[in-house]
Amino acid sequence: MAGVSDLAAQPATPRTDTLRVAGLQQRVEVLRDRWGIAHIYAQNEHDLFFAQGYSAARDRAFQFEMWRRQATGTMAEVIGRRELERDQGARLFKYRGSLEADFANYHPRGAAIIGAFVEGINAYVDEAARNPALVPAELRMLGIKPGRWTPDVVISRHQGLLGNIGEELANGRFVAKYGAALLQKVQWFHPGPAPKVDLDPMIDPAGLDAPILALYDAFRAPMRFQPSDLQTAYRGDTAAHRRLATIDSLADEDIRWNQRRDIGSNNWVVAGSRTLSGRALMANDPHRAIAAPSLRYFVHLNAPGWNVIGGGEPVIPGVSIGHNEYGAWGLTVFGTDGEDLYVYRTNPANPAQYQYRGAWETMRTITESIPVKGERPATVALRYTRHGPVVYEDTARHLAYVVRAAWLEPGGAPYMASLRMDQAKTWEEFRAACNYSNIPGENMVWADVKGNIGWQAVGIAPIRRNSSGLVPVPGDGRFDWSGYLPIIEKPHAYNPPEGYIGTANNNLTPESYPHRDAIGWSWADPYRFARIAEVLGSGRRVSMMDMMRLQTDYTSIASRGLVPMLAALPASNAATERARQSLLAWDNVLDKNSVAAGIYEAWYRQLTTGVTTIVVPAPARAAARFVSTKRVIEWLTSPGGEFGPNPGATRDSLLLAALDGAVAELTQRYGPDMSGWAWGQYHHAMLQHPMSGALNAEQRKRFEVGPWPRGGDGNTVGATGGGENQASGASFRYIVEANDWDSSVGANTPGQSGDVDSPHYRDLFELWKNDRYFPVKYSRPAVEGVTELKIVMAPAR
């Protein structure tokens, strides 16, 4: 049940530690509150970001080192040849443009801010080199220490939400085998008339089956460790590793799918005219991978010109989701396609040449040496065309494949333009800051102290005059982009008459939008947004508690479209009939303790398989396994000719057969007593660590957090996915009442710290697992009232 944690008594005088840190210009105070948030008070901008880098690096040292090695392409140096492909991909996709132009996009003083942040990180790294006790357990297990950073590490693109290149290749393969019409039928491309997804005659269909994106996928993949990677004392057995590796593989697939379709993120703002307090409200719960340590990190930055608090990824300076004295903001993904897969003909006499506008052009080649553990360094050739990195060369067919990536333009590092937003004082200033936010494509919402609300879609958006961006296209010049749409011209709204704005990765772009050729085609199902609109559009004034309840709401709008179909279909099997009656009496809330919810989810899985079997021809079913819920409901609501001469009867038989299958499955797994079929019985959250598959059982218990039963699914506002283990969702939540900043509440699981021995490694999981929040204080007196540790950082003598 949504709520806020109790404020237990604080020590009368928090402990004070003093640190002498080389590189600081003046004294800095860091007040650590009881939930592990660092409230940083500096006297100048340099020291503010220095202290942010230092504090975050100490809290999340393992994540920092993994980020650095993935960004620099040096994982094989630690792991060996298994990670060589990742390192080659990282170097291939490294930003190689002007650092000055890149940094300036994020903030007018971007170079200085990033430089100070890196100095702070390196101050910690130098301390860890002198004091092994500061090296995190994971790095000790690997036998390494943290390495020093450079500014270009901060702007790595490897972990961003970048585009749809994987979907594009999958679509191309699907069309090559089964045709464009079937792809249009299975996928829900919108808004507007169906886009063109036919393959150009120049594209060799057979060639698309090659491992074209292997380097791209390797550099973007999450890190997973094996027992042999660790020092002997910590290693798990190989059988356990294989079992966990299979689970991880399924989880990664679930995350990729859910991020693109079902699970996305939620945010909304409510105008002061529609709230009980008369003040505007902002709520945001971005959904990414749920793991230990947490992806996100709360911080409070206070210095002349800065007073911003909120969350973001710990390796990035500033705050991505939060508030200052003037307004609050949040984000969700907006469908922006910043990637294309280009296919070139290459010169049979010289494979390093590709055809562009009727002439041969020579690829640019960069040769690099990659250190490999236990071997001599590997030498790799990185090739580039005018459009970008060459990911695959098919010498037999004389073809080359290139990823055209808008995120390799200056300003393409994820979330970095938040630095400009952090200092916005008005809607106009916030919107101007949004104009620099290239990556990711986002719905940015705003709520300010005057009660105003606004929405601005952001993200660098290529203009495609001749293609949809949904399938690979020739790189011969016919499908070149026609520049980029100015971000400020993307969809936006300010103080709409409804009194609220909500986004949930669903389409908000009208078909009449004049720049349709710069907007994506793939969006989330509409059910999360529908529930948000149902609550916020009810006409009653709302409060902070209402926002907490809505963020953790498990009402299934999708089930309202499916369960009523069973109303006139009595089952002949007694157990199936009891299950049907349970569903018909159900309140459509996917509560973890609900038996009807457990029956519904098992039924839905069976139903999806059954309807796909009817609608999709057998050869294409494996490629069409991720059908959207909206498509499933459409096909069942209005069954077509695929359902045979009597579509309604076939549909009804399918509904009951799927329920029979669900009952049989649940009976086999949990016994015939339906009271044991609650949704939380087989839907839970176990937060795994990147090292889970490598550790022995004793160590795995230290690093993993959970399990705990969960409610919801991928189509509820409280989004938890449809898998048995919640692999993605809202690990971070934030709700703010503008101008009553100390009433803000948040969540961040499992904790603020990445140090497994810290009391703040898993302390916030207890709140999160029960859909509860902790206070996020802002004013200095309120912060001091919840401070458990004061750290004074002084310049080294």
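Keep in mind that this is a model prediction, so the values were computed, not measured.

Another aspect to go through is the overall build of the chain. In terms of helices and strands, the chain carries 24 helices and 31 strands. For 797 residues, the compact-globule estimate of 2.2 N^0.38 gives 28 Å, and the C-alpha radius of gyration of the chain, at 26 Å, lies within 12% of that figure. Principal-axis analysis of the C-alpha atoms gives the chain an extent of 85 × 75 × 60 Å. Looking at the chain alone, contacts between residues at least 24 apart form 74% of all its contacts between residues at least 6 apart. Only carbon and sulfur atoms are counted for the fraction: they give 52% of the accessible area of the chain, which is about 28,300 Å².

The subject of this paragraph is the nonpolar core. Core analysis: the biggest nonpolar cluster contains 125 residues, and Ile-40, Leu-142, Trp-149, Phe-225, Phe-430 and Met-793 have the highest contact counts within it. Ignoring sequence-local partners within four residues, the contact set of Met-793 consists of Leu-19, Val-21, Leu-24, Gln-26, Arg-27, Val-28, Val-30, Phe-50, Ala-51 and Tyr-54. If you look at the next biggest cluster of nonpolar residues, it comprises 104 residues, including Leu-92, Leu-162, Phe-174 and Phe-643.

Attention shifts here to the pattern of salt bridges. All told, the structure shown has 49 salt bridges when counted by the stated rule. Linking Glu-534 and Arg-531 is a salt bridge whose minimum nitrogen-to-oxygen distance equals 2.4 Å. Here Arg-531 and Glu-534 lie together in helix α15 (residues 527-536), a separation of 3 residues that amounts to about one turn. Its relative accessible area of 35% is what places Glu-534 among the partly exposed residues. Here Glu-665 and Arg-669 are joined by a salt bridge, their closest N and O atoms 3.7 Å apart. In this pair, Glu-665 and Arg-669 both sit in helix α21 (residues 647-670), 4 residues apart, roughly one turn of the helix. Via salt bridges that share partners, Arg-27, Glu-29, Arg-780, Glu-784 and Lys-790 belong to a single interconnected network.

What follows is about the side chain of Arg-531. You can call Arg-531 buried: its relative accessible area is 15%. Side chain to side chain, Arg-531 and Glu-534 meet in a polar contact 2.4 Å long. In contact with Arg-531, other than residues within four places in its own chain, are Leu-550, Asp-553, Thr-555, Ile-557, Arg-560 and Val-717.

This next bit is on empty space enclosed by the protein. If you walk through the whole model with that rule in mind, you get 4 cavities of 30 Å³ or more. Volume-wise, the largest cavity comes out at about 80 Å³. If one sorts the elements of the lining of the largest cavity by residue count, strand β10 (residues 327-333) sits on top with 3 residues. A breakdown of the residues in the lining of the largest cavity according to their chemical character gives 5 nonpolar, 6 polar and 3 charged.

The next subject is the environment of Ala-727. The residue Ala-727 is located in the loop between β26 (705-709) and β27 (728-729) in this model. The class of Ala-727 is buried, set by a relative accessible area of 7%. When the C-alpha atoms of Ala-727 and Trp-268 are compared, they prove to be 24 Å apart, with 459 residues separating the residues in sequence.

A packed helix pair is summarised by two numbers, namely the angle formed by the two axes and the spacing between the axes. Contact pair helix α19 (residues 595-615) / α21: the axes reach a minimum separation of 8 Å and the direction vectors enclose 130°. Taken together, the axes of α19 and α21 are oblique relative to one another. In this structure, the crossing between α19 and α21 has a hand that is right-handed. Together, Gly-598, Ile-599, Ala-602, Trp-603, Gln-606, Leu-607, Gly-610, Val-611 and Ile-614 of α19 and Thr-650, Leu-654, Leu-655, Ala-658, Leu-659, Gly-661, Ala-662, Glu-665 and Leu-666 of α21 make up the contact between the two elements.

Moving on to helix α18 (residues 574-584). Along α18, the residues that are buried comprise Ala-575, Thr-576, Glu-577, Ala-579, Arg-580 and Leu-583. The inward-facing, buried residues of α18 contact α19 and α21. Its side-chain oxygen placed 2.9 Å from the backbone nitrogen of Ala-575, Asn-573 serves as the N-cap of α18.

With that out of the way, let us pick up the packing of aromatic side chains. As enumerated under the stated definition, the model contains 30 aromatic pairs in all. Seen from their ring centres, Phe-93 and Phe-219 are 5.0 Å apart, and the 5° between their planes marks the pair as stacked. Here the residue Phe-93 occupies a position in the loop between α4 (84-92) and α5 (99-106), and Phe-219 occupies one in helix α11 (residues 214-220), the gap between them amounting to 126 residues. Taken together, a centroid distance of 5.1 Å and an interplanar angle of 80° make the contact between Phe-334 and Trp-523 edge-to-face. A residue pair is termed long-range when its members are at least 10 positions apart, and Phe-334 in the loop between β10 and β11 (339-347) and Trp-523 in the loop between β24 (500-503) and α15 qualify at 189 residues. Note on Phe-334: relative accessible area 2%, which makes it buried. Judged by its relative accessible area of 1%, Trp-523 falls in the buried class. Through pairs of rings, three or more aromatic residues link up here, namely Trp-35, Phe-298, Phe-732, Tyr-734 and Phe-774. Above the plane of the ring of Trp-481 lies Arg-404, whose end atom (NZ or CZ) is 4.0 Å from the centre. If you follow Lys-630 out to its NZ or CZ, it ends over the ring of Trp-188, 4.4 Å from the centre.

Bridge count for strand β14 (residues 364-370) against strand β15 (residues 378-385) is 7 bridges, and the pairing is antiparallel. The partner of Glu-368 across the bridge, within β15, is Val-380. Relative to strand β16 (residues 388-394), β15 runs antiparallel, the two being bridged by 2 bridges. In the sheet register, Thr-385 faces β16, and the bridge partner there is Gly-388. Joining the antiparallel neighbours β15 and β16 is a turn of 2 residues.

Attention now goes to the confidence of the model for the chain. Averaged over all residues, the pLDDT of the chain is 95; the fraction at 70 or higher stands at 96%. Per-element confidence in the chain is highest for strand β7 (residues 297-303), whose mean pLDDT is 99, and lowest for helix α12 (residues 238-260), whose mean pLDDT is 53. A low-confidence stretch, residues 252-263 stays under pLDDT 50, and its non-local contacts, those more than four residues away or across chains, total 41 contacts.

Let us now look at helix α20 (residues 629-637). The buried fraction of α20 is high, at 7 of 9 residues. Of the residues making up α20, those classed as buried are Thr-629, Lys-630, Arg-631, Val-632, Ile-633, Trp-635 and Leu-636.

Right, let's talk about the sheet that holds strand β4 (residues 266-270) for a bit. Taken together, the 6 strands give an open sheet; going across it, the order is β24-β4-β5-β28-β29-β30, and neighbouring strands pair in antiparallel fashion. Taken across any chain shown, the strands that pair with only one partner, and hence form the sheet edges, are β24 and β30 (774-775). Each of β4 and β24 touches α15; the most contacted strand, β4, lies at about 20° to it. The strands touched by helix α16 (residues 544-551) within the sheet are β4, β5 (281-285), β28 (732-737) and β29 (745-748), with β28 carrying the most contacts at an inclination of about 160°.

Cut-offs used in this document
- Residues numbered from 1 in each chain as written.
- Predicted model: local features only at pLDDT ≥ 70, side-chain atom pairs only at ≥ 80, totals over all residues.
- Heavy atoms only, no water.
- Helix = DSSP H or I, 4+ residues; strand = E, 2+ residues; numbered from the N terminus.
- Rg over C-alpha atoms; globule rule 2.2 N^0.38 Å.
- Contact = heavy atoms within 4.5 Å.
- Areas by Shrake-Rupley, 256 points an atom, 1.4 Å probe, with all protein chains shown as cover.
- Core = buried A, V, L, I, M, F, W, Y, C linked by side-chain atoms within 4.5 Å.
- Buried < 20%, exposed > 50% of the residue type's maximum accessible area, 1.4 Å probe, protein only.
- Salt bridge = Lys/Arg side-chain N within 4 Å of Asp/Glu carboxyl O.
- Polar contact = N/O pair within 3.5 Å; in protein donor to acceptor, adjacent residues only side chain to side chain.
- 1 Å grid on protein atoms, 1.4 Å probe; cavity = no way out; pocket = protein on both sides within 12 Å on 5 of 7 lines; lining within 4 Å.
- Points joined across faces, edges and corners; volume = space filled by probe spheres on them.
- Nonpolar A, V, L, I, M, F, W, Y, C, P; charged D, E, K, R; others polar.
- Axes fitted to C-alpha atoms, helices over the stretch in contact; angles between N-to-C directions.
- Parallel < 35°, antiparallel > 145°, perpendicular 65-115°, else oblique.
- Left-handed = near helix turned anticlockwise from the far one by under 90°.
- Phe/Tyr/Trp six-rings, centres within 6.5 Å; stacked < 30°, edge-to-face > 60°.
- Lys NZ or Arg CZ within 6 Å of the ring centre and 35° of its normal.
- Pairing = 2+ DSSP bridges.
- pLDDT = per-residue confidence, 0-100.

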